[in-house]
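Fold and contact review
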Amino acid sequence: MKSVGLKIKEYMEKKGINQSEIADMAGIPRPKLNKMLNGEQKISLDDYELICGALGVGVEEFLSPKRIVLL
């Protein structure tokens, strides 16, 4: 299972935004975001909502495991 920080980084890469930009968009200080992305600080539900809002993805969608459909 991927770490949450890695998953956030993947969404950031897809959106073409860096840590400073997502921190500004989410209203989270960049040092705090950096610690969350590196697994040094737990992410609260409020922070999930801010980060996911900035990424344009719902918290439920972000936290749900991806399902693989085999045809």
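Heads up: the structure comes first, above all this text.
The notes below deal with the structure included here.

Let's shift gears to the packing of aromatic side chains. What describes a pair of aromatic rings is the distance from one ring centre to the other and the angle between the planes of the rings. Here the structure, examined in full by the defined rule, presents two aromatic pairs. Relative to phenylalanine 62, the ring of tyrosine 11 has its centre 5.4 Å away and its plane inclined at 50°; by these criteria the two rings are tilted. One end of the pair, tyrosine 11, is in helix α1 (residues 4–15); the other, phenylalanine 62, is in helix α5 (residues 59–63), with 51 residues separating them in the sequence. Note on phenylalanine 62: relative accessible area 1%, which makes it buried. For the pair tyrosine 48 and phenylalanine 62, a centre-to-centre distance of 6.3 Å together with 50° between the ring planes defines the contact as tilted. Residue tyrosine 48 is found in helix α4 (residues 45–55), and its partner phenylalanine 62 is found in helix α5; the two are separated by 14 residues along the sequence. We note that tyrosine 48, like phenylalanine 62, is buried. Taken together, Tyr11, Tyr48 and Phe62 form an aromatic cluster joined through their ring pairs. Across the ring face of tyrosine 11, the terminal group of lysine 14 is positioned such that the distance to the ring centre comes to 5.5 Å.

The next thing to look at is the pattern of salt bridges. A complete count under the given rule lists one salt bridge for this structure. Residue aspartate 47 is joined to lysine 32 by a salt bridge in which the shortest nitrogen-to-oxygen separation is 3.2 Å. Here aspartate 47, found in helix α4, pairs with lysine 32, found in helix α3 (residues 30–37); they are 15 residues apart in sequence, far enough to count as distant. Accessibility expressed as a relative area gives 7% for aspartate 47, which makes it buried.

Their axes nearest at 9 Å, the elements helix α2 (residues 19–26) and α3 cross at an angle of 110°. Between α2 and α3, the angle falls in the class roughly perpendicular. Like other packed secondary-structure pairs, α2 and α3 cross with a definite hand, here right-handed. Contact residues: Gln19, Ser20, Ile22 and Ala23 in α2; Arg30, Leu33, Asn34 and Leu37 in α3.

What follows deals with the nonpolar core. In this structure, Ile8, Met12, Ile22, Leu33, Ile51, Leu55 and Phe62 are the most contacted members of the largest nonpolar core, which totals 19 residues. When residues of this core are traced back to their parent elements, those giving at least two are α1, α2, α3 and α4. The element best represented in this core is α4, accounting for five residues. Other than its neighbours up to four places away in sequence, phenylalanine 62 contacts Val4, Lys7, Ile8, Tyr11, Tyr48, Cys52 and Val57.

So, how was this worked out
Residues numbered from 1 in each chain as written. Predicted model: local features only at pLDDT ≥ 70, side-chain atom pairs only at ≥ 80, totals over all residues. Heavy atoms only, no water. Phe/Tyr/Trp six-rings, centres within 6.5 Å; stacked < 30°, edge-to-face > 60°. Helix = DSSP H or I, 4+ residues; strand = E, 2+ residues; numbered from the N terminus. Buried < 20%, exposed > 50% of the residue type's maximum accessible area, 1.4 Å probe, protein only. Lys NZ or Arg CZ within 6 Å of the ring centre and 35° of its normal. Salt bridge = Lys/Arg side-chain N within 4 Å of Asp/Glu carboxyl O. Axes fitted to C-alpha atoms, helices over the stretch in contact; angles between N-to-C directions. Parallel < 35°, antiparallel > 145°, perpendicular 65-115°, else oblique. Left-handed = near helix turned anticlockwise from the far one by under 90°. Contact = heavy atoms within 4.5 Å. Core = buried A, V, L, I, M, F, W, Y, C linked by side-chain atoms within 4.5 Å.

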